[in-house]
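Residues per chain are reported as follows:
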Amino acid sequence: MASAQLRPHPVGKDPLVLGIETSCDDTSAALYRQSRGLIAHKSTCLSSTHRPYNGVVPELASRDHIGALLPLVEQVLAGRKPDAVACTTGPGLAGCLAVGVALAQSLAWSWRVPLAAVHHLEGHLLSPFLDPPPDFDFPYLALLVSGGHTALYDVAGPGNYLLLGETLDDAAGEAFDKTATLLGLPYPGAAGLEKLARRGNEQAASLPVPMLRQRGLNFSFSGLKTAARRRLEQGGKKADIAAAFQSAAIATLAGKTELALRRTRRKRLAVVGGVACNLALREALGKIADQRNALIACPAAEFCTDNAAMIALAGTRHLQSGYDLKIRPRWPLTSTDKDAPRCSPA
């Protein structure tokens, strides 16, 4: 059920929007209509392509998108013609973005329908509205935590985003994956590290909790990753190190989120991005929300990772009349509405 405040662009009334997402290694297509919500959604990620390299290889990811995207689009369309097309134009890997943008431009032009350029992070921030809990609406505090981004945003309304704090180095998801590789787990390793942590004793390999004593809302995970490596070199058990790493990372994320809730006095919290799939993180933030009498929204796992459903939803706000789109691999998220205050780092 979509929020009444996410109104479609005047160029179309309640348009059926085809969403396309190819910013990194997830290939995704979706159909969304505000009055009905998500109609169809298909995604694929060929992690095995990148596993030998312990990280995403941009050229290989671009090739995978070329082979996977059009079949996914055909599946979600199922013979239907959309009223508009929305695609991620940044931030992300340039070659990967180019694949999605090229197809989106071609389809929109051939159908003579509006086209929308969507900021990937705005898609994440609005993703709770794909299936929101009762009474969830603007304004809210959002913890965006993924493989490429870790940040806290005050979301006052659609298009009105204030950056409160962000990571100074590694994103949380990146730190999870790199630590998992250090522990001998296959890439991508965040889910494997979470599973290994359940068998470990965090007290046996305790690690420092970064940035928690500082008054700001920024994050840092590179030092935690280094501490885990040193603990392993000292002979620590892998399961204990996994448990200690996860505990310290979650303590930082939860602690900063609680501080942001106190400062903003928001009574709604959204947890979005790939790392939001971590059950221990959800549990920790759920406890904080309960203590502060706040409503928490965590999208389903398939809508936490990069997906076209959130892009189609966000695209209803950005439909344009032309077909010229610019790829922006580096694109800071600022408030997207003309009258909204712009974001500024903590």
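Colleague: I tried to follow the pattern of salt bridges on my own but got confused; where do I start?
Modeller: Side chains that differ in sign of charge can pair as their charged atoms come close. Under the criterion given, the structure shown has nine salt bridges. The partner of Arg33 in a salt bridge is Asp83, with the nearest N and O atoms 3.8 Å apart. Of the two residues, Arg33 sits in strand E2 (residues 26-33) while Asp83 sits in the loop between helix H2 (58-77) and strand E4 (84-90), which places them 50 residues apart along the sequence. Here Glu194 ties to Arg198 by a salt bridge, and the two come within 3.7 Å at their closest N and O atoms. Assessed through its relative accessible area of 58%, Arg198 is described here as exposed.

Colleague: I tried to follow the packing of H2 against helix H3 (residues 94-111) on my own but got confused; where do I start?
Modeller: The relative placement of two packed helices comes down to the angle between their axes together with the axis-to-axis distance. The interhelical angle for the contact between H2 and H3, taken along N-to-C directions, is 30°, at an axis separation of 8 Å. When the interaxial angle is binned, H2 and H3 end up roughly parallel. The hand of the H2/H3 crossing is right-handed. Residue-level contacts link Pro58, Ala61, Ser62, His65, Ile66, Leu69, Leu70, Val73 and Leu77 of H2 to Gly95, Cys96, Val99, Gly100, Leu103, Leu107 and Trp111 of H3. Partitioning the contact of H2 with H3 into residue classes produces twelve nonpolar, four polar and no charged.

Colleague: Got a minute to help me understand the nonpolar core in this structure?
Modeller: One broad trend across soluble globular proteins is that nonpolar side chains are buried collectively. Among the nonpolar cores identified, the biggest contains 44 residues, and Leu143, Leu152, Leu193, Phe221, Phe245 and Leu253 are the most heavily contacted of them. For this core, the secondary-structure elements that each account for two or more residues are strand E6 (140-145), helix H5 (172-182), helix H6 (190-197), helix H7 (222-233), helix H8 (238-264), strand E9 (268-272) and helix H9 (279-291). No other element matches the 14 residues that H8 contributes to this core. With residues near it in sequence (within four places) discarded, Leu143 still touches Ala151, Leu152, Phe219, Leu253, Thr257, Leu269, Ala270, Val271, Val272 and Leu285.

So, how was this worked out
- Residues numbered from 1 in each chain as written.
- Predicted model: local features only at pLDDT ≥ 70, side-chain atom pairs only at ≥ 80, totals over all residues.
- Heavy atoms only, no water.
- Salt bridge = Lys/Arg side-chain N within 4 Å of Asp/Glu carboxyl O.
- Helix = DSSP H or I, 4+ residues; strand = E, 2+ residues; numbered from the N terminus.
- Buried < 20%, exposed > 50% of the residue type's maximum accessible area, 1.4 Å probe, protein only.
- Axes fitted to C-alpha atoms, helices over the stretch in contact; angles between N-to-C directions.
- Parallel < 35°, antiparallel > 145°, perpendicular 65-115°, else oblique.
- Left-handed = near helix turned anticlockwise from the far one by under 90°.
- Contact = heavy atoms within 4.5 Å.
- Nonpolar A, V, L, I, M, F, W, Y, C, P; charged D, E, K, R; others polar.
- Core = buried A, V, L, I, M, F, W, Y, C linked by side-chain atoms within 4.5 Å.

Shape is all these values report; function is a separate question.
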